[in-house]
Amino acid sequence: MPGIKKFPIGGTHLPENKDLTTDSPIKWLNAAQSVAIPLKQHLGVACKAVVSAGDEVHVGQLIGANSEGLSARIHASTSGTVTAIEKRVMIDHSATECVVIQCSNAADQQEPGIDAAVPVKGPADAVPEPDEVRKRVEEAGIVGMGGAAFPTHVKLQVKKDTPIDSIIINGAECEPYITTDDRLMQERTAELYRGLDIIRQTVGAQRGYVACEVNKPAAIKAITEEAERWPQLEAVRLDTRYPHGAEKHLIKAVLNREVPIRQLPMAVGVIVNNVQTAIAITEAVDHAIPLTRRVLTVSGSVVSQPGNFSVPVGTPLGDLVTAAGGPTEDDYRLVVGGPMTGMLTDDYGIPVTKSTSGIVLIRPGEYADRSAEVCIRCGRCVSVCPMYLQPNRITTFVRNEMIEEAEEFGVNDCILCGACSFVCPSRRPLLQWLREGKAKSASAAEERRRRNPV
Amino acid sequence: MSLQYSSTGPHIHSQDSIARTMWSIAVALLPATVVSAWLFGPYALYLIFATAVASALIEMPLNGDGFSLRFPLGDGSAFIAGMILGLSLAPTSAWWVPIVGAALMVVVGKYVFGGLGNNIFNPALVARAILLLSWPYQITRWVSPLDGTTSATPLGGLEVGYLELFLGNVPGSLGETSVVALLLGAAFLIVRGLISWRVPLSVLGGAAVAAVLFGLDPLFTLLSGSIMFGAVFMATDMVTSPTGKTSHLVYGAGCGFLTVVIRRYTAYPEGITFAFLIMNGLAYLMDRLGADPIFGQVEERKRRVYRAALLVGAVALMALLTVAGFAGRAFVADRYVEAELERSIVAGYPTATRIVQATAYDPQVSIYRVYEDRQLLGYYARTRVNGYGGPMQITALLDEHDKLTSVVVGEHAETPTIGTQVRSGGFLEQFAGFGPDDRDGLLDEVEFITGATVSSRAVISGVERILAARDEDAAAPDEPDAALADLEDGVFEGSGRGYAGDIVVTVTVEGGRVSAIEIQSHSETPGIGDRAMDTMADRIIDAGSLAVDAVSGATGSSRGLSAAVEDALSGN
């Protein structure tokens, strides 16, 4: 098919399993009893609580902020009483300070979503001044909702020496099972384009793109039709290939620009934003709604009613499983995030954050059983690596504590997509070892700095 | 902490496994297997599957899992390596060759290095190399699939068309003769993503380039022998080939190029075994030094292209210089030899008008007949012997009665003042008058130079060798009438005794001259004898004479061919 774009080398095809939820409209979900809202849901420093135990809070109220360093504000996602400010275990095994809120009655939880009576702004409507946009985005506590959780108001701060000409909305959603962006592109298309246009005008870019893989025909149809209303925005169809959602590969596919290693998309004049982030920007800028909820997919082969839900931040994972009708079998594993890059857990109390894209319940037969066998040097990990690395060799170095060699072969350039582990016929946990390698490289660098302070 | 260990993704898997990979390769080997069974008969199936099963059985006690009744063929890696080795055997291999080959492959090729994934060299090729060196006859006796007769392979000099090569209707190893079956297997492997197209394609590319450089027919080079089989199934061996995209290309091209070099310039008509083993040894280095630029190393990629262009340029320049150097050296050497020959002959036979090189049955000796018009003046002969300090050249002049008139010691490296005395007139004059008949007396009658026994003995042995060669030569037609002229036109058949049996030829005479010599049957050594006979036939036709040099290293076959031609024309 002409007009379908893709990155040139590497990548792999995954079993998509999106048909489970692609047609399920987003359901509004309220917190069942209590939420635990982490004070750090972003890249940077943690927020300090501005409420204390015993306080009554209402939905959308500021509960955490930090003026020093990189951070993003935190708001109450439900009305109720703060019962505690305590450390809870997160999905990355860190213990993070959380504001625990006991919900009041159900009616008070209702956040004022976008009033259906107020039309979404279109191409003719003005966008506030860049500084005003950044201020509203900062006040709403918006972060990148694709996973990295980088504070968005900082991302919209353009440096003079690196002008931005293009904005790409990342609707590739290449993780199997997850249909969050898929549904949002179908249901909230106008807000998505409005958000993209706000970003575009704020950073002074000429063009904006909404890119989506062709395995989501309904979403493609919606964004292509909507694009006709917006002269400077367009929809881009991507081939279905993992990892198209990786920022640098998305840019390569859409604009054929290669981001130099260790540099940000800014270096080639591009900013990439997540679908949901763009919608959150519309809500914040046009309607002054803070980011307190997110849409996520609850799916998997053992979920009785898989679906897409809009849930308050801080909702425990257990509530989501319950909302989806619970598991149909006893033997399954719970993955937070997509099955490729997500984390496995058995702690149902872990709260949803602003960057949780979904939870997936995986059946053992499907599960990547890690009984690693010897490497037969087939080179499939090398051929699928979208970064053109040699995962086989790097992991050998990592396992033999040869960190300098691992660095020389680019362990720090790995984007942790897991394509290598997925295809490895010997089922070697390459991604695990690559993570280890990055961590060891970071601590080695730390050690060097400690010994030779500049 | 098992949960933490497994808590990172991916949590799904392609469900691929080593076993699935290996059995897919087995499927790719099926077309070649079926074709070889069809061409060479059921014994071919025995050879292929006996090797495969023996390999799997021998691996069982070694792989640490012990005997497993549930899945006796293990992960299939030994089985498919066995199939590949089996397919590379000659169709007439003895029954024990598969078993010995399998044992060599699994033990020496694989487990010496630590088993699957750890071997540096392709186990099938290791086994093949050992078999080739230990039982050359077992490995290189080819039969024609049509009539079952023993024959040379196309590489050994058999003339066949491209189509036969493509379909596989030619003598050769079991699996390698049918190019079409191999291409089917290759297509399957590439589509399944099990091999990179870069490897087989660059093997063929490297071989084609080498063929063009060395003046061979590139298409014939690609279609004949096991290069196609090697390109698809051996160069792509996962464990022993590199993994990067650039290194795939370099590795493949190296395999192909070296194969042709070995075919062309060594005693082995088939080069892939040693060529691929050498490249196996370099695979790791290629991945290390030739790592592809990382995504985002934009500048590095540009530098790479520039460097690659430089490298190609440098290699081309070197190739050009080498070719020029060889040509120049050959030209100078020819001139030098001719000039020297003329000088010494003029010195020895001032009246000489014509020199004819005679067939010397000892390849170490060159003999020329010297004529004044049609009058034989004598013989001029040359050889090299090993003296005290290195090789030295002995030149002898004989009169028409085969008696030595003078002996000259040419280039040498003997000890100055002592060894060099062998060049003195006094020492050399002693040889005058000796002939082939009384050469045994040389050692007794020639007085050694005191203190230079080795040098003296060397000169004597050189002269002896020349006389011996003259002795044999005397039996052959001596007159320039060995020239094949004014013959009756027609096709004549004759036979002569070669190195390993009778050689039967048909000689075509047109316009009074020999226009073609065809070898009908022979039992000479494949790759050596048959090549020599072709060369001899060409030399006889070109010279229009039977008095031509024998081919070095295959004197028996050369002589047999000459005798057969002479026999064919004896009624003429």
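All figures in this text were calculated on a predicted structure; none of them were measured in a lab.

This part covers the confidence of the model for chain A. Averaged over every residue, the pLDDT of chain A is 90; the share at 70 or more is 95%. Averaged pLDDT values for the elements of chain A fall to 54 in helix α1 (residues 106–109) of chain A and rise to 96 in strand β10 (residues 166–171) of chain A.

This part takes up the sheet that holds strand β8 (residues 490–497) of chain B. Residue and element names in this part refer to chain B. Strand order across the open sheet formed by 3 strands is β8-β9-β10, with antiparallel pairing between neighbours. For this open sheet the edge positions go to β8 and β10 (513–521), each flanked by a neighbour on one side alone. With direction set aside, neighbouring strand axes in the sheet form an average angle of 25°. Relative to the sheet, helix α19 (residues 529–543) contacts β9 (502–510) and β10, its axis offset from that of β10 by approximately 165°. Taken strand by strand, helix α20 (residues 555–568) contacts β8, β9 and β10, and its axis lies near 140° from that of β8.

In this section: unusual backbone geometry. With an omega of 0°, the peptide bond running from Tyr 242 of chain A to Pro 243 of chain A counts as cis. Turning to its location among the elements, Pro 243 of chain A is positioned in the loop between β12 (233–238) and α7 (247–255). In this structure, Asp 402 of chain B takes a positive phi of about 65° despite not being glycine. If you trace the backbone, Asp 402 of chain B turns up in the loop between β6 (391–399) and β7 (404–409). Classification of Asp 402 of chain B as buried rests on a relative accessible area of 11%.

Looking now at helix α11 (residues 391–399) of chain A. Along α11 of chain A, 7 of the 9 residues are buried, which leaves the element largely enclosed by surrounding structure. Of all the positions in α11 of chain A, only Pro 391, Asn 392, Arg 393, Ile 394, Thr 395, Phe 397 and Val 398 of chain A are classed as buried. Elements in contact with the buried residues of α11 of chain A: α10 (380–384), α12 (403–408), α13 (419–423) and α14 (430–451) of chain A together with α14 (272–289) of chain B. Looking one or two residues past α11 of chain A, Glu 401 of chain A carries a phi angle of roughly 60°, positive in sign.

This paragraph deals with the sheet that holds strand β13 (residues 270–274) of chain A. Strand pairing in a sheet relies on backbone hydrogen bonds. The paired strands run either parallel or antiparallel. Residues and elements named next belong to chain A. Spatially, the 5 strands line up as an open sheet ordered β1-β12-β11-β10-β13, and their pairing is parallel. Edge positions in the sheet fall to β1 (4–5) and β13, since each of these pairs with one other strand and no more. Across the sheet, helix α8 (residues 275–287) lies against β10 and β13, angled at about 85° from β13, the strand it touches most.

Packed helices, taken two at a time, are described by their axes: the angle between them and the distance between them. Residues and elements named next belong to chain B. The N-to-C vectors of helix α4 (residues 77–87) and helix α5 (residues 97–110) enclose an angle of 125°; their axes lie 10 Å apart at closest approach. Taken as axis vectors, α4 and α5 run oblique relative to one another. Judged by the sense of rotation from one axis to the other, the crossing of α4 with α5 is right-handed. For the pair α4 and α5, contact is made by Ser 77, Ala 78, Ala 81, Gly 82 and Leu 85 and by Gly 101, Ala 102, Met 105 and Lys 110, respectively. Each residue belonging to the contact of α4 with α5 can be placed in one class, and the counts come to 5 nonpolar, 3 polar and 1 charged.

Counting from both sides, the interface comprises 41 residues of chain B and, opposite them, 61 residues of chain A. Summed over both partners, the interface of chain B with chain A comes to about 4400 Å²; 57% of that surface belongs to carbon and sulfur atoms. For the chain B face of the interface with chain A, the top three residues by lost area are His 11, Ile 12 and Phe 295 of chain B, together amounting to 21%. Our count for the chain B to chain A interface comes out at 4 salt bridges.

The rules behind these values
- Residues numbered from 1 in each chain as written.
- Chains lettered and ligands numbered in written order.
- Predicted model: local features only at pLDDT ≥ 70, side-chain atom pairs only at ≥ 80, totals over all residues.
- Heavy atoms only, no water.
- pLDDT = per-residue confidence, 0-100.
- Helix = DSSP H or I, 4+ residues; strand = E, 2+ residues; numbered from the N terminus.
- Pairing = 2+ DSSP bridges.
- Axes fitted to C-alpha atoms, helices over the stretch in contact; angles between N-to-C directions.
- Contact = heavy atoms within 4.5 Å.
- Buried < 20%, exposed > 50% of the residue type's maximum accessible area, 1.4 Å probe, protein only.
- Parallel < 35°, antiparallel > 145°, perpendicular 65-115°, else oblique.
- Left-handed = near helix turned anticlockwise from the far one by under 90°.
- Nonpolar A, V, L, I, M, F, W, Y, C, P; charged D, E, K, R; others polar.
- Buried area = accessible area lost by both parts, 1.4 Å probe.
- Salt bridge = Lys/Arg side-chain N within 4 Å of Asp/Glu carboxyl O.

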